Amino acid sequence: MGRMARSALLFLLSLALMGLTIEAVDVSYDERAITIDGQRRVLISGSIHYPRSTAEMWPSLIEKAKEGGLNVIETYVFWNAHEPQRRQYHFSGNLDLVRFIRTIQDQGLYAMLRIGPYVCAEWNYGGFPLWLHNVPNIEFRTKNPVFMHEMKNFTAVIVDMMKREKLFASQGGPIILAQIENEYGNVMGPYGENGKEYIQWCAQLAESYKVGVPWVMCQQSDAPEPMINTCNGWYCDQFYPKKNKPKMWTENWTGWFKNWGGAIPHRTAEDVAFAVARFFQYGGTFQNYYMYHGGTNFGRTSGGPYITTSYDYDAPLDEYGNSNQPKWGHLKRLHELLKSMENVLTLGSSRNIEYGNMMTATIYSYAGKSVCFLGNAHSSMDATINFQNTQYTVPAWSVSILPDCNTEAYNTAKVNAQTSIMVFKDNDENSLNWHWTPEPYIQMKNGKLLGYASMVAPRLLDQKVVTNGTSDYLWYITSFNISESDPIWTKDVKLRVKTNGHGLHLFFNGNHIGSQYANYGKYQFTYEAKVKLKLGINEINLLSGTVGLANYGAYFDNVQVGIGGPIHLVAQEGDTEIIKDISQNVWNYKVGLHGENLKHYSPLYTRGWFTYGLPTDRIFVWYKTMFNTPIGTDPVVVDLKGLGKGQAWVNGNNIGRYWPSYLADENGCSSTCDYRGAYSSNKCLTKCGKPTQRWYHVPRSFLRDGDQNTLVLFEEMGGQPYEVKFATVTIEKACANAYQGHDLELACHENQVISEIKFASFGLPEGECGSFVKGHCESRSALHVVKRLCVGKQRCHIPVNERMLGPTGCGVLVNRLAIDAVCETTISNERGKSKF
């Protein structure tokens, strides 16, 4: 066959394959479920936000989500990331939304696109671009023609892009659901009638695009037709949608976000599984985890304010993309079971039996088959019931699922997945040599501004108005004249500054007078410091810093940031204060740091770095060092212990804000965590008295082969870099306490093997992971069997039964297998970027 003939054949084959992949799918809904090509579906979804990872990570993340039993991936669309300047769009790198959706499609999964375009998401400014605030006559999220025009424009950009790429299910793509607005019902009241008309307009806008898939409005009980109203929260089993709408849970919070100065929140695998099983017990058919992979707030994308760079969220996939065990594995088994019962759950009739004391049974029946849920919502008391002539014991705060209404196949409180003990393994090859350069803080001399002002105004301006979102930092600069006749000349004087900024640095006549930072949740403070006046011109340089902008609440967009004033010079005369108000002075504004403007963070910036006299515990210093790419494929992190507060860049990529000096409160944590009882973000806290975040993710796609990687730090408040080190994230131990009648899978990372079984006992072992001890009875052969099945392997499967592990003689209905296994990295001389 000639070359042209082969080319023609390949072209025809490609067309044929394309024909297979672009077949349109009919997506609709009824009162029970989302329907796909007329079939009611059990849909289990997970949130993965594409900007919180990298494009190189997406295939692995989505593959692990699929392996974990998901059939839908959900994401928000981030307006301020895609349109940082008006009508200037960015859709490359980790903002390549089309590539992300196609990666979902490549795994054979569906997608849910939550366009918003308000997202909340602990994302800076709720996802709105800062330029939007500065558009004349605009009011956000209400019946305002200016806002509606801009929202419509961006929504159309996204919808048209998805249509152009044929990514809606009606075109053969994976997108089966779309969302307009986001949790508006939570804040709609203050907007009055204009808010009600706005939400009607949103629904009409969505329908006008004719995308061929249903639209949802979460937390919107009065969602206009044909929008589907959905639930967000830790528990949604008692949520019931509007008539003729399916019961959908768009955000099952798998944990909670971290804030600077806060302890680390944890939500147990048992509680998440309980919430999911209860939801499906009471008629739910679509459930989405928020988050399934939380990821990282790279750059200045975190909102809040004071949301950390890590957005791990205690999700089933951790910040770095590893399986968060046992949560990932425990939920995987639940997903597989729920999907196996799809027809009965979505087509069958149901009836409930109330046993009292918060114990219920639900029976689904269809075509001669039955599925049963036994739910005990009591927070402390186990329940023993007689159900269909058989006795069952259901632990407190758990649900048992009987896929044949006879045999318990799953109980949410009985975890049969491994627990992975993760460690940060130091990169021993690195000995970091530091260079440095100062960040100048003298902005005015002899009444004249050094450089150029970004703006001049005879009043104090809102910081976000001036910066337009381009920097965390804004200089407020002015001068004033003191003469001998001035009432405050001979007095002791304080400068008093009231600010809405999150950090304030005060410089007076060229000297650093002091700094102060707000506490989480209290972002307005007044700073006072003594200053020494001089006759003639006195100069004030104030640097205001933000740590993410508000992202939630009615009118959150109007929350003032920066130095709002008043600014007073204050002298005391007896009991009377003599005040000189300089708030209405002419103020010069300079956006950003000198080093930001010169791009000190770029590997290409090589001028002006000093190799001697490295300063420590000094404000406003830039540090730079070179480091090797850690060997292997494990995720890479950098430990910034010893530093104060600032931002970090690797090879020019901003890996986020850091603040390891901000310690969590000493109180509020517990050494134990009881999964029973309703979860809240203050339950099961850990790491009290420790830095909220010490380790920072460095995606391997940011790195280069060898030792030509550059780390640049801007240290704002003073620290020292000697303790900075790079490490990889890996599994040290895998342990489990699995129940008889289940299969246990143990797994290390892909580049590891199980090198040792430190403990294995089948019977009635006691203790917890890392401190198991033998019970009063056990199988004599269990340890030998486990070693034979697992040692030297990356993963192994162990049937937990007496036939495999030997008789125990314990005389109980259910024995348990407890294991402590060691994972060891295989030797490799290859450096590499992750094959995410």
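Cut-offs and rules
- Residues numbered from 1 in each chain as written.
- Predicted model: local features only at pLDDT ≥ 70, side-chain atom pairs only at ≥ 80, totals over all residues.
- Heavy atoms only, no water.
- UniProt positions renumbered as here; feature names shortened; annotations may be inferred.
- Buried < 20%, exposed > 50% of the residue type's maximum accessible area, 1.4 Å probe, protein only.
- Helix = DSSP H or I, 4+ residues; strand = E, 2+ residues; numbered from the N terminus.
- Pairing = 2+ DSSP bridges.
- pLDDT = per-residue confidence, 0-100.
- Contact = heavy atoms within 4.5 Å.
- Phe/Tyr/Trp six-rings, centres within 6.5 Å; stacked < 30°, edge-to-face > 60°.
- Lys NZ or Arg CZ within 6 Å of the ring centre and 35° of its normal.
- 1 Å grid on protein atoms, 1.4 Å probe; cavity = no way out; pocket = protein on both sides within 12 Å on 5 of 7 lines; lining within 4 Å.
- Points joined across faces, edges and corners; volume = space filled by probe spheres on them.
- Nonpolar A, V, L, I, M, F, W, Y, C, P; charged D, E, K, R; others polar.
- Arc of directions from axis to C-beta.
- Salt bridge = Lys/Arg side-chain N within 4 Å of Asp/Glu carboxyl O.
- Axes fitted to C-alpha atoms, helices over the stretch in contact; angles between N-to-C directions.
- Parallel < 35°, antiparallel > 145°, perpendicular 65-115°, else oblique.
- Left-handed = near helix turned anticlockwise from the far one by under 90°.

The name given to the protein chain in an unreviewed UniProt entry is Beta-galactosidase, with the source organism recorded as Canavalia gladiata. Quoted verbatim from the Sequence similarities (unreviewed entry) heading of the UniProt record, the comment on the protein chain is "Belongs to the glycosyl hydrolase 35 family." Regarding the protein chain, the UniProt comment filed under Catalytic activity (unreviewed entry) reads as follows: "Hydrolysis of terminal non-reducing beta-D-galactose residues in beta-D-galactosides."

Engineer: In this structure, what is going on with the pairing of strand β34 (residues 636-639)? I would like to understand it.
Structural biologist: Moving residue by residue along a regular strand, the side chains alternate between the two faces of the sheet. Of the two faces of β34, the one carrying V636 and V638 and the one carrying V637 and D639 are both buried. The pairing of β34 with strand β37 (residues 695-698) spans four bridges and is antiparallel. Along β37, the bridge assignment pairs V637 with H697. Bridging between β34 and strand β39 (residues 725-739) involves four bridges; their strand directions are antiparallel. Paired with D639 across the strands is K725, a residue of β39.

Engineer: Can you help me understand the confidence of the model for the protein chain in this one?
Structural biologist: Detailed reading of the predicted coordinates is not advisable wherever pLDDT falls low. In the predicted model, the protein chain carries a mean pLDDT of 94, and the fraction of residues at 70 or more is 96%. Below a pLDDT of 50 lies the segment residues 1-21, which in the model reaches four contacts outside its immediate sequence neighbourhood of four places, other chains included. Below a pLDDT of 50 lies the segment residues 829-836, which in the model reaches 24 contacts outside its immediate sequence neighbourhood of four places, other chains included.

Engineer: Can you help me understand the packing of aromatic side chains in this one?
Structural biologist: By the definition in use, this model includes 63 aromatic pairs. Aromatic side chains Y198 and W201 sit 6.1 Å apart centroid to centroid with 25 degrees between the ring planes, which places their arrangement in the stacked category. Linking Y198 with W201, this pair stays in helix α7 (residues 192-208), spanning three residues, or about one helical turn. W201 carries the same exposure label as Y198, and that label is buried. Over the ring of Y311 we find R52; its NZ or CZ atom is 3.6 Å from the centre of that ring. The ring of Y235 has R267 sitting right over it, with the charged end atom 5.2 Å from the ring centre.

Engineer: What exactly am I supposed to notice about the UniProt feature "domain: SUEL-type lectin" (unreviewed entry) in the protein chain here?
Structural biologist: Feature annotation in UniProt assigns "domain: SUEL-type lectin" (unreviewed entry) to the following positions: residues 738-824. Counted over residues 738-824, helix gives 15% and strand 38%. Its end C-alpha atoms are 23 Å apart.

Engineer: Just checking my understanding: could you explain empty space enclosed by the protein for this structure?
Structural biologist: Over the atoms, a rolling probe the size of a water molecule traces out where space has been left empty. For the coordinates displayed, the defined rule picks out two cavities of 30 Å³ or more. Taken as a whole, the largest cavity encloses approximately 100 Å³ of empty space. Around the largest cavity, the lining is made up of 13 residues, and of these R300, T467, S471, T546 and L549 lie nearest the centre. Of the residues forming the lining of the largest cavity, the biggest block, three residues, is contributed by helix α11 (residues 463-467). The residue inventory of the lining of the largest cavity, partitioned by class, reads three nonpolar, six polar and four charged. If you add up the space inside the second largest cavity, you get close to 40 Å³. Taken together, W260, D472, Y473, V547, K645, G646, Q647, R657, Y658 and W659 make up the full set of residues lining the second largest cavity. For the lining of the second largest cavity, the secondary structure elements donating two or more residues are β35 (646-650) and β36 (653-658). Taken together, the residues of the lining of the second largest cavity break down into five nonpolar, two polar and three charged.

Engineer: What is the right way to look at helix α13 (residues 782-790) in this model?
Structural biologist: Since the α-helix turns once every 3.6 residues, residues separated by three or four places project in the same direction. Turning to α13, its buried residues number three or more, namely A782, V785, V786, L789 and C790. Along the axis of α13, the buried residues cluster in a sector spanning 110 degrees; they form a single face. Structural note: α13 exposes H784 and R788 on the side pointing more than 90 degrees away from its buried face. Those residues of α13 hidden inside the fold are in contact with β40 (743-747), β41 (752-763), β42 (795-799), α14 (802-805) and β43 (816-825). Just downstream of α13, G792 is the residue with a positive phi angle, here 90 degrees.

Engineer: Sorry, what's going on with the pattern of salt bridges here?
Structural biologist: Close approach of charged atoms lets side chains of opposite charge pair. Counting across every chain of the model gives 32 salt bridges. Between R102 and E165 there is a salt bridge; the shortest N-O distance is 2.9 Å. Taken together, the residues R102 in helix α4 (residues 97-106) and E165 in the loop between α6 (145-164) and β7 (175-180) connect sequence positions 63 residues apart. Looking at R102, the relative accessible area reads 30%, which means it is partly exposed. Close ionic contact of E181 with R141 constitutes a salt bridge, the shortest N to O distance being 2.7 Å. With E181 in the loop between β7 and α7 and R141 in the loop between α5 (130-133) and α6, this residue pair connects regions lying 40 residues apart in the sequence. Judged on exposure class, the residue E181 and its partner R141 are both buried.

Engineer: Help me out: how do you make sense of the packing of α4 against α6 in this one?
Structural biologist: Each pair of packed helices can be described by the angle between their axes along with the distance between the axes. Their axes nearest at 11 Å, the elements α4 and α6 cross at an angle of 45 degrees. By the criterion of interaxial angle, the relationship of α4 to α6 is oblique. The chirality of how α4 crosses α6 is right-handed. Contacts between α4 and α6 pair L97, V98 and I101 from the former with I158, M161 and M162 from the latter. Broken down by class, the residue content of the contact of α4 with α6 amounts to six nonpolar, no polar and no charged.

Engineer: In this structure, what is going on with the side chain of T268? I would like to understand it.
Structural biologist: Here T268 is to be found in the loop between β10 (248-253) and α8 (269-281). Once residues within four sequence positions are removed from consideration, T268 is found in contact with K327, C673 and Y675.

Engineer: I tried to follow the packing of α8 against helix α9 (residues 327-340) on my own but got confused; where do I start?
Structural biologist: Relative to each other, α8 and α9 sit at 15 degrees, their axes nearing to 9 Å. On the basis of their axis angle, the class for α8 and α9 is roughly parallel. Seen along the crossing, α8 lies across α9 with a hand that is right-handed. Facing α8, whose interface residues are A269, E270, V272, A273, V276, A277 and F280, α9 presents K327, H330, L331, L334 and L338. The class makeup of the residues in the contact of α8 with α9 is nine nonpolar, one polar and two charged.

Engineer: Which parts of the structure should I look at to understand the sheet that holds strand β13 (residues 359-366)?
Structural biologist: Within a beta sheet, neighbouring strands are joined by backbone hydrogen bonds and run either parallel or antiparallel to one another. One open sheet holds the five strands; their spatial order is β12-β13-β14-β17-β18, and the pairing between them is antiparallel. In this open sheet, the two edge strands, each paired with only one partner strand, are β12 (349-356) and β18 (410-411). Two strands pair when backbone bridges link them, and strand β17 (residues 398-402) and β18 are joined in this way by two bridges, in the antiparallel orientation. What sits directly across from I401, in β18, is Y410.

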